[in-house]
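Observations on chain architecture
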Amino acid sequence: MADYHEMWQSLGMDVKTHDLLCEALPGAFGDVYLSQDNRPEGMDYFNMVVAEIHGLRPAELVEHKKKGGKVVGTFCIHVPDEIPISAGAIATGLCSGSQFWVPGGEKKLPAATCPLIKASLGARFDRTCPFFRLADMFVGETTCDGKKKAWEILAEDAPMYIMDIPQMKRPKDYKHWEEEIHGYLKKCEELTGNRVTPANLRSAIILLNNKRKALQRLASFRKLDDIPISGKDVLLITQIAFYDDPARITSQIHKLCDELDTRAKNHVSVFPKGTKRILLTGTPLSIPNWKLHHIIETLGGAVVCEEMCTGIRYYEKCVDESGGTIDEMITNLTERYMGAIHCACFTPNRERIDDIKRLAEEYHADGVIDVNLKFCGIYDIEGHFVERELNAAGIPVLGIETDYTDQDAEQLKTRIGAFLEMLGN
Amino acid sequence: MVYAGIDIGSTAAKGVLLNEAKTEILARKLMPSGWNSRQTAEELHTWLLSLGHSREDLRIIATGYGRVSVPYADKTLTEITCHGKGAAFLGGGDLTVIDIGGQDTKVIVLTGGRVTDFVMNDKCSAGTGKFLEVMANRMGLGLDEFFAMAETGREVKISSMCTVFAESEIVSLMGLGTPREDIACGAVGSVVSKVSALVNRKSPSGKYYLTGGFCEAGFLVRKLGEVLGAEVITSPDGRFAGAIGAALLG
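Right, let's walk through the structure included here. (Residues numbered from 1 in each chain as written. Chains lettered and ligands numbered in written order. Predicted model: local features only at pLDDT ≥ 70, side-chain atom pairs only at ≥ 80, totals over all residues.)

Our focus in this paragraph is the overall build of chain A. From N to C terminus, chain A includes 19 helices and eight strands. The C-alpha extent of chain A, read off along each of the three principal axes, is 60 × 50 × 45 Å. For chain A, buried positions account for 52% of its 425 residues. Across chain A, the fraction of contacts at a sequence separation of at least 24, relative to all contacts at a separation of at least 6, is 73%. (Helix = DSSP H or I, 4+ residues; strand = E, 2+ residues; numbered from the N terminus. Buried ≥ 20, exposed ≤ 12 C-beta atoms within 10 Å, placed from the backbone. Contact = placed C-beta atoms within 7 Å.)

Here's what the structure looks like:
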C-alpha cells in the first residue's frame, strides 16, 4: 500500500493500531486470493483495490469532501443508495467483516452480540477504519434487535440517522417504508444542501442498475458447467461493490466479463471436472470475511452462488426505471428495496426459501450450506425452515455457525469436508 | 493388498487392518492420542509395519482430528464419512449412527450404507466424552468406576449445559453431601439428554448404532435407548468404527 499515514492522521485515526491491520491484510489476502491458480487477469483491478483498501477510495472521499461534498455510510442493503447519490453525496458501505474490530465492539456490547455488529462499533470507537471517520452521516436501520440497540450506543459518537424498516410485507408496511425513503431523501437534501430533481434521481437509479446488471452478468458465468472464475473472486468483487465508485466498478466488472466470455467459449474452468457446487445462504460476508469460501474451495468444492446480502440479494433485481416523478421513483425504489430482498428480519419470509430452491436449480448446486453468524437469532431460527424445505426438495443441506475468528477453522473443515464427501458418494 | 485405517481422535487413536476382501478385521490397535498427533501417528505406523505386510502392500487411510498429522497416509477422509462406513460394516446400512467422541458428538443418518445426512454438536464439550471425563476426574474416579457407580445411583439433575459450569455444579452437589453415585448418574443423564436432542434434530431411522469410546459402557447405552425409545446397538468394535470405515474406503 502507498503511504496514507498523513491522511489517516488527519482523519483522527489511531494510526498505530491501524498499522497492525495494514500489516496483517497483505498476508491474509495473499494466502486466500493470490495463491489461486489460473485467475482471470481482470482480477488485477480488484486486487489493487483491496491492496489499497484504506487508502485509495478514502482519498477520493477526502477529495470529495474538500469540495464540500458529503459521504453517507450505510449498513444494510434495504437502504437505497440512489437517495444520497441523487443528492450529490457519495454512498459507501461500512466495512465490518474482520475480527480485528470485534474486541473494540465488545468494550460497549455484550459478548453475545453478532460479530458484524461488534465489528461495526469497534471500527468506529477504536478509530481504526477510515470509512468510519469519513462518513458525515451513518444510516442505521431497525432490521434486528442487535442493530437497533447498538445504534443507540453508536449514536453517542457518530452522527446516526435511523430508518425504521417494517417487519412484515403487508401493503401498509410498503407504505411505511415508502415514507421512510421520502424522509431519507429529505434528510440527504438537508445534509448536502442540494435539491433532488427527478433527473438526478433517475440517473442514480440507472447508475446503480448498471452496476447490478454488471454483477448479474458476472454471476451468470457461475451457472456454467465449466466455471471460469472462483467463488472467492466473485465474493471479493461483490464486497468491493459496496464501497467502490459505482461507474468505475461497473466498467471493471464488464471488462472482466469480456475475458470470462472468452474463457467460456474455450470451456476454461478454474475447477477440476466433477467439483461439487455449493450454494451459500444466510448471513452476510462483509469484507474481509473470506473464510467460508476459502475453506470450501480449498477442500475441493466450488461456491456458485450466495443467497446473501453480499450476493444475489444485492444485485439480482433492478429498480424499475420507468418512474417520471420523484414520487413514482420512490414507489419503485420501495418495491425493489423491500419487495425484492428477503431478509430473515421479515415474518413470514417464505420467499427466501423459494429463492434458495430456485437458485439451487439455476446454478446447478449439488448442496446448500446455510451459514449463520454466531448470535444472529433470526437467521438461526429460520434455519429450521431452510433445512426442512430443502430436505423435502431432496437438496442436501448443511447448517453451520461461525464468527470472524479462525479458531473454528478445523471444526468447519471437518463439517464441510464431510458434506463434500457426502455429496460425492 | 491389505487396507489400514488410522483414526486419530482427540482422546484415543485407533488403528485397524482389514484383509484384502475387506471382510475381516486382521488387527486392532488402541492407544491414547497423547499431546502430539504426529508422534502418535508414528507409533501407529510402526505398529502397522510390524504386522508382516510391506508398505507397498498396504493402503493407508487416515481420519479423525489428527488426520492431517499422518504424513504416510495415502488419503485422508473426515471422520463422519468413516464412522458412517464403519457403522454400516458393523451394524448394517440403514441406521442412525451416534458417535460420542472425546471432543464432539455426531449423528449420522445412513441410507443403504451411504451417509445421507449428519449433524455435529456445537463447538462445546457438553454431550461429549470430555464431559464425563471431566466429571469422573472431579470425583476422583476412573471412567469404568464412574459408570459402575452411576448405575447404582439415583439421577440428580445437572442442568448446566457447559462442562465448566457443570463441574462447579457438581462441586456444589458434593458440598451438600450428595452421594457420588447420584451425581455420576446425573452426569450420564446430562450427556444422554444432550445427545438425544442432537439425534432429534435429524430424522432418525429408529435403529441406532453407537460408536466411539463408550461402546462398552452398558449403562450409558441403556439410558440412551430409554430416552430415544428404541434399542441402541453397539459392539466392542464400535470404538474402531472410524478406523474400520477408513480402511473400507481405501
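There is more to say after this.
For the rest of this paragraph, the subject is the overall build of chain B. A count of helices and strands for chain B gives eight helices and 10 strands. In terms of overall size, chain B behaves like a compact globule, its C-alpha atoms giving a radius of gyration of 18 Å where 250 residues would be expected to give roughly 18 Å. Summarising its shape, the C-alpha atoms of chain B cover approximately 60 × 35 × 30 Å along the three principal directions. Looking at the 250 residues of chain B, the share that counts as buried comes to 50%. Here the contacts in chain B between residues at least 6 apart in sequence split such that 68% fall between residues at least 24 apart. (Rg over C-alpha atoms; globule rule 2.2 N^0.38 Å.)

Residue and element names in this part refer to chain B. Between its terminal C-alpha atoms helix H1 (residues 37-49) stretches 18 Å, which fits the 18 Å expected from 13 residues at 1.5 Å a residue. By the burial criterion, the buried members of H1 are Ser 37, Thr 40, Ala 41, Leu 44, His 45 and Leu 48. Buried residues along H1 cover an arc of 145° about the axis, so they all sit on one side. Facing away from the buried side of H1 by more than 90 degrees, the exposed set consists of Gln 39 and Thr 46. (Expected span 1.5 Å × (residues − 1). Arc of directions from axis to C-beta.)

All names here are of chain A. Remark: helix H12 (residues 231-241) packs on helix H14 (residues 291-298), axes separated minimally by 9 Å, with the N-to-C direction vectors making an angle of 165°. In terms of axis orientation, H12 runs roughly antiparallel to H14. Taken as a pair, H12 and H14 cross one another with a handedness that is left-handed. Residues Gly 231, Lys 232 and Leu 235 of H12 lie in contact with H14, whose contacting residues are His 293, His 294 and Glu 297. Here the residues of the contact of H12 with H14 sort into one nonpolar, three polar and two charged. (Axes fitted to C-alpha atoms, helices over the stretch in contact; angles between N-to-C directions. Parallel < 35°, antiparallel > 145°, perpendicular 65-115°, else oblique. Left-handed = near helix turned anticlockwise from the far one by under 90°. Nonpolar A, V, L, I, M, F, W, Y, C, P; charged D, E, K, R; others polar.)

Okay, the sheet that holds strand S8 (residues 397-402) of chain A next. Sheet strands associate in pairs through backbone hydrogen bonding, adopting either a parallel or an antiparallel arrangement. Residues and elements named next belong to chain A. Strand order in the open sheet formed by four strands is S6-S5-S7-S8, with parallel pairing between adjacent strands. Only two strands of the sheet have a single neighbouring strand rather than two, namely strand S6 (301-307) and S8. The mean angle between the axes of side-by-side strands here comes to 30°, regardless of whether they run parallel or antiparallel. Direction of pairing for strand S7 (residues 367-373) relative to S8: parallel, over a ladder of six bridges. From the neighbouring strand, Leu 373 faces S8, where its bridge partner is Thr 402. Contacting strand S5 (276-282), S7 and S8, helix H18 (residues 377-392) runs over the sheet at an angle of about 170° to S7. The sheet strands contacting helix H19 (residues 409-424) are S5, S6, S7 and S8, and the helix crosses S8 at an angle near 170°. (Pairing = 2+ DSSP bridges.)

What follows covers the interface of chain B and chain A. Listed by partner, the interface residues are 12 residues for chain B and 11 residues for chain A. If you list the elements that add at least two residues to the side of chain B that touches chain A, you get helix H2 (79-91) and strand S8 (114-120) of chain B. Class assignment for the residues of the side of chain B that touches chain A results in six nonpolar, two polar and four charged.

Residue and element names in this part refer to chain B. As a packed pair, H2 and helix H8 (residues 241-248) sit with axes 6 Å apart at the nearest point and diverge in direction by 95°. Between H2 and H8, the interaxial angle falls into the category roughly perpendicular. Contacts between H2 and H8 involve Glu 79, Thr 81, Cys 82, His 83, Gly 84, Lys 85, Gly 86, Ala 87, Phe 89 and Leu 90 from the first element and Ala 241, Gly 242, Ile 244, Gly 245, Ala 246 and Leu 248 from the second. For the contact of H2 with H8, the per-class residue count stands at eight nonpolar, six polar and two charged.

Residues and elements named next belong to chain A. Taken together, the four strands give an open sheet; going across it, the order is S2-S1-S3-S4, and neighbouring strands pair in parallel fashion. The open sheet has two edge strands with one neighbour each: strand S2 (90-93) and strand S4 (160-163). Sheet twist, expressed as the average angle between the axes of neighbouring strands with direction ignored, equals 25°. In this sheet, S4 lies alongside strand S3 (residues 137-141) in parallel orientation, the contact comprising four bridges. Counterpart to Gly 140 in the pairing with S4 is Ile 162. Helix-sheet contacts for helix H9 (residues 145-154) involve S3 and S4, and the interaxial angle to S3 is about 155°.

One finds Leu 279 of chain A together with Ile 6, Val 188 and Ala 247 of chain B to be the most contacted residues of the largest nonpolar core, which totals 206 residues. At nine residues, helix H6 (residues 180-199) of chain B tops the list of elements feeding residues into this core. Not counting residues up to four positions away in its chain, the partners in contact with Ile 6 of chain B are Gly 15, Ala 41, Leu 44, Ile 60, Ala 62, Val 70, Ala 73, Ala 243 and Ala 246 of chain B. (Core = buried A, V, L, I, M, F, W, Y, C linked by C-beta atoms within 7 Å.)

The next thing to look at is H8 of chain B. All names here are of chain B. Counting buried positions over the eight residues of H8 gives eight, a clear majority of the element. Along H8, the residues that are buried comprise Ala 241, Gly 242, Ala 243, Ile 244, Gly 245, Ala 246, Ala 247 and Leu 248. The secondary structure elements touched by the buried residues of H8 are strand S1 (2-8), strand S2 (12-18), strand S3 (25-32), strand S4 (58-63), H2 and strand S9 (208-212).

With that settled, the discussion passes to the environment of Val 2 of chain B. For Val 2 of chain B, the location among the structural elements is in strand S1. Val 2 of chain B sits 17 residues away from Asn 19 of chain B along the chain, and the two C-alpha atoms are 5.2 Å apart.

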